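# Breakdown of the fold
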Amino acid sequence: MSQRLQLTLAILKPDIVANPSVLKNVWTRMLENGLYFVMSKRVQLSAVQAEQFYAEHRGKFFQNRLVCFMSSGPVWCHILCGDDVIGRWRRMLGPTKVLKTVFDQPDSIRGSFGLTDTRNCAHGSDADATAKKEVGFFFPEFDIDKWYKEQHKFFQNDLVEFDPDKLQHFAISDT
Ligand code: ATP
Ligand code: MG
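Residues numbered from 1 in each chain as written. Chains lettered and ligands numbered in written order. Predicted model: local features only at pLDDT ≥ 70, side-chain atom pairs only at ≥ 80, totals over all residues. Heavy atoms only, no water.

### Side note on the overall build of the protein chain
On a plain count of helices and strands, the protein chain comes out with 10 helices and 6 strands. A compact globule built from 175 residues would reach a C-alpha radius of gyration of about 16 Å, and the protein chain, at 16 Å, matches this within 12%. With 175 residues in all, the protein chain has 46% of them scored as buried. Across the protein chain, the fraction of contacts at a sequence separation of at least 24, relative to all contacts at a separation of at least 6, is 72%. (Helix = DSSP H or I, 4+ residues; strand = E, 2+ residues; numbered from the N terminus. Rg over C-alpha atoms; globule rule 2.2 N^0.38 Å. Buried < 20%, exposed > 50% of the residue type's maximum accessible area, 1.4 Å probe, protein only. Contact = heavy atoms within 4.5 Å.)

### Examining the site of ligand 1
In the neighbourhood of ligand 1, 15 residues make up the surrounding shell, with Tyr54, Thr96, Thr118, Asn120 and His123 lying closest. Residue Tyr54 places a side-chain N or O atom 2.6 Å away from an oxygen atom belonging to ligand 1. In this structure, Thr118 approaches ligand 1 through a main-chain N or O atom, which is 2.9 Å from an oxygen atom. Protein chains bury 88% of the 580 Å² of accessible surface belonging to ligand 1 in isolation. By residue class, the composition of the shell around ligand 1 is 4 nonpolar, 6 polar and 5 charged. (Near = heavy atom within 4 Å. Polar contact = N/O pair within 3.5 Å; in protein donor to acceptor, adjacent residues only side chain to side chain. Areas by Shrake-Rupley, 256 points an atom, 1.4 Å probe, with all protein chains shown as cover. Nonpolar A, V, L, I, M, F, W, Y, C, P; charged D, E, K, R; others polar.)

### Side note on the sheet that holds strand E4 (residues 122–124)
Adjacent strands of a sheet pair through backbone hydrogen bonds, lying either parallel or antiparallel. Pairing within the open sheet is antiparallel, and its 4 strands lie in the order E2-E3-E1-E4. A strand with exactly one partner marks an edge of an open sheet, and here the two such strands are strand E2 (36–43) and E4. Put simply, the sheet's adjacent strands are angled 15° from each other on average, direction ignored. Its contacts with the sheet put helix H8 (residues 128–138) on strand E1 (6–12), E2, strand E3 (75–82) and E4, and the angle it makes with E1 is roughly 55°. (Pairing = 2+ DSSP bridges. Axes fitted to C-alpha atoms, helices over the stretch in contact; angles between N-to-C directions.)

### Some remarks on the UniProt feature "domain: Nucleoside diphosphate kinase-like" (unreviewed entry) in the protein chain
Per the UniProt record, the feature "domain: Nucleoside diphosphate kinase-like" (unreviewed entry) sits at residues 5–146. Here residues 5–146 runs as 47% helix and 18% strand, with 14 Å between its end C-alpha atoms. (UniProt positions renumbered as here; feature names shortened; annotations may be inferred.)

### Concerning the packing of aromatic side chains
Across all of its chains, the model carries 11 aromatic pairs by this definition. Ring centres of Trp27 and Trp76 lie 5.5 Å apart, and the angle between their planes is 80°; on these two criteria the pair is classed as edge-to-face. One end of the pair, Trp27, is in helix H2 (residues 20–32); the other, Trp76, is in strand E3, and 49 residues separate them in sequence. On the basis of relative accessible area, Trp76 is assigned to the buried category, the value being 15%. Members of the aromatic cluster, joined through ring pairs, are Tyr36, Phe142, Trp147, Tyr148 and Phe155. (Phe/Tyr/Trp six-rings, centres within 6.5 Å; stacked < 30°, edge-to-face > 60°.)

### A closer look at the side chain of Asn120
Mapping Asn120 onto the fold places it in the loop between helix H7 (109–113) and E4. When residues no more than four places from it in sequence are discounted, the contact partners of Asn120 are Lys13, Asp15, Phe69, Thr96, Val98 and Arg110.

### Overview of helix H4 (residues 63–70)
For H4, the full list of buried residues reads Gln63, Leu66, Val67, Phe69 and Met70. Burial along H4 is one-sided: seen end-on, the buried residues are contained in an arc of 165°. Here the buried face of H4 lies against E1, helix H1 (14–17), helix H3 (47–53) and E3. (Arc of directions from axis to C-beta.)

### Some thoughts on unusual backbone geometry
Positioned with a positive phi, Asp158 is a non-glycine residue whose angle comes to about 60°. The class for Asp158 is partly exposed, based on a relative accessible area of 48%. Here Leu167, not a glycine, exhibits a phi torsion of approximately 55°, which is positive. Its place among the elements puts Leu167 in the loop between strand E5 (160–163) and strand E6 (168–171). Given a relative accessible area of 8%, Leu167 falls into the buried group.

Right, here's the structure in full:
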């Protein structure tokens, strides 16, 4: 049995949600890399919500363009789980700044599809504590402790299957 799996929050940002073939490509990369989708939802953020989510960047020179961008169209939010999923998902994304990443890591998601340093495809939580906070921001109905108690074992033992309509992995029932 593998060790305790991590949870993280992924956001597929408006630049790729607006492009169906890129969006599909990113979901395929996530599945092929063995990331599990615990919950998924499509959300339209208001400017106020985008500003709250990125509160750590208040006052920075790019804050206004970041908030405008994140509220410019729908995003997909996913709770992901997996072994070291925080690091794995961020490595799949590649470094934040697209204008450099297209040269340094052209095969990463940002290197492949990023448009600018702001319009950089996707977000991933950067630590366990941040992941918990960010999952709570988008999925207040999700009970992390209950999930670890009741669902984690199925994911840990790969007893799950993917439902492409719901964009979620579900435990395979043993009935
Ligand atoms: P994210 O938090 O979205 O996963 P990150 O952790 O790689 O990205 P942060 O430093 O947290 O990067 O910045 C948050 C977001 O703000 C970036 O993803 C990008 O959209 C935007 N951003 C960050 N730095 C810049 C910059 N120098 N110029 C323009 N936009 C930026
Ligand atoms: Mg960040």
